Amino acid sequence: MANSVSFFLYSSSIQFHPVFANSRIYASNSRNYPLASKIIVTNLPFSVCESRLHKEFAKYGQICEVNLVKDEARKKSKGFAFIQYASQEEALLAIESMDYQFFDERQVFVEIAKPRNNDFGRYPTTLGPPTRATNGDY
């Protein structure tokens, strides 16, 4: 077994495959970006444009997409935008650097965007730690 490493736990062996050690969770959209790589920026000035956001947030990593949410009737910004980075690390760097900072004389708030319902076919669920079954197995 050249591609696996064995761990011994309570005299039973568990196989661990290094391929899964650095695996990432990807949204099942057509672009296949890492899950926590999209941020939402709120409290933006209504006069801001996508190119200005791209210029300011490109300092923290490669931007794949900028989506400034606009009012359909007035064609003006609603004051928030989604920015898609190429990696989770770049998104976290942007959050650490820009959250609670002033952008065009307004304090902006930056956080990880919650996935939409259709990114996974449903909202992702977290299960928490494993629970002990009635027969003593996990």
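Residues numbered from 1 in each chain as written. Predicted model: local features only at pLDDT ≥ 70, side-chain atom pairs only at ≥ 80, totals over all residues. Heavy atoms only, no water.

A. Looking closely at the confidence of the model for the protein chain. Per-residue pLDDT for the protein chain has a mean of 76; in total, 61% of the residues score no lower than 70. Note that pLDDT drops below 50 for residues 1-30; the model gives that stretch 37 contacts with residues more than four away or on any other chain. (pLDDT = per-residue confidence, 0-100. Contact = heavy atoms within 4.5 Å.)

B. View of the nonpolar core. Membership of the largest hydrophobic core comes to 20 residues, with the highest contact counts inside it found for Ile39, Leu44, Leu53, Phe57 and Tyr85. Every element with two or more residues in this core is listed here: strand 3 (38-42), helix 1 (50-57), strand 4 (63-70), strand 5 (77-85) and helix 2 (88-98). A total of four residues in this core trace back to one element, the largest contributor, which is helix 2. Leaving out residues up to four positions away in the same chain, phenylalanine 57 has contacts with Ile39, Val41, Ile63, Ile83, Tyr85, Ala94, Met98 and Val110. (Core = buried A, V, L, I, M, F, W, Y, C linked by side-chain atoms within 4.5 Å. Buried < 20%, exposed > 50% of the residue type's maximum accessible area, 1.4 Å probe, protein only. Helix = DSSP H or I, 4+ residues; strand = E, 2+ residues; numbered from the N terminus.)

C. Representation of unusual backbone geometry. The backbone of lysine 75 shows a phi angle near 60 degrees, a positive value even though the residue is not glycine. Positionally, lysine 75 belongs in the loop between strand 4 and strand 5. In this structure lysine 75 comes out as exposed when scored by relative accessible area, which is 62%. Of note in this structure, glutamate 105 is not a glycine but carries a positive phi near 65 degrees. Mapped onto the elements of the fold, glutamate 105 is located in the loop between strand 6 (102-103) and strand 7 (106-107). For glutamate 105, a relative accessible area of 79% translates into the label exposed.

D. Here's a closer look at helix 2. Those residues of helix 2 lying buried are Ala91, Ala94, Ile95 and Met98. The arc enclosing the buried residues of helix 2, seen along the axis, measures out at 100 degrees, which places them on a common side. On the buried face of helix 2, the contacting elements are strand 3, helix 1, strand 5, strand 6 and strand 8 (109-112). After helix 2 finishes, the residue tyrosine 100 shows a positive phi value of roughly 70 degrees. (Arc of directions from axis to C-beta.)

E. Spatial organisation of the packing of aromatic side chains. In the structure shown here, the tally under the stated rule is two aromatic pairs. With 6.0 Å between their ring centres and 85 degrees between their planes, phenylalanine 80 and phenylalanine 82 make a pair best called edge-to-face. Between the aromatic rings of tyrosine 100 and phenylalanine 109, the centroid separation amounts to 5.2 Å while the plane-to-plane angle is 85 degrees, which identifies the pairing as edge-to-face. Of the residues examined, phenylalanine 109 reaches a relative accessible area of 31% and is grouped as partly exposed. Here the basic side chain of arginine 106 rests over the ring of phenylalanine 46, its NZ or CZ set 5.5 Å away from the ring centre. (Phe/Tyr/Trp six-rings, centres within 6.5 Å; stacked < 30°, edge-to-face > 60°. Lys NZ or Arg CZ within 6 Å of the ring centre and 35° of its normal.)

F. Structural view of the environment of proline 34. Topologically, proline 34 is positioned in the loop between strand 2 (12-16) and strand 3. When the C-alpha positions of proline 34 and glutamine 84 are compared, they lie 9.5 Å apart, and in sequence the two are 50 residues distant.

G. Representation of the pairing of strand 5. Two strands pair when backbone bridges link them, and strand 3 and strand 5 are joined in this way by five bridges, in the antiparallel orientation. Opposite valine 41, over in strand 5, you have alanine 81 as the bridge partner. With six bridges connecting them, strand 4 and strand 5 associate as antiparallel partners. Counted as the bridge partner of lysine 70 is serine 77 from strand 5. Connecting the antiparallel pair strand 4 and strand 5 is a turn made up of six residues, with lysine 75 showing a positive phi of about 60 degrees. (Pairing = 2+ DSSP bridges.)

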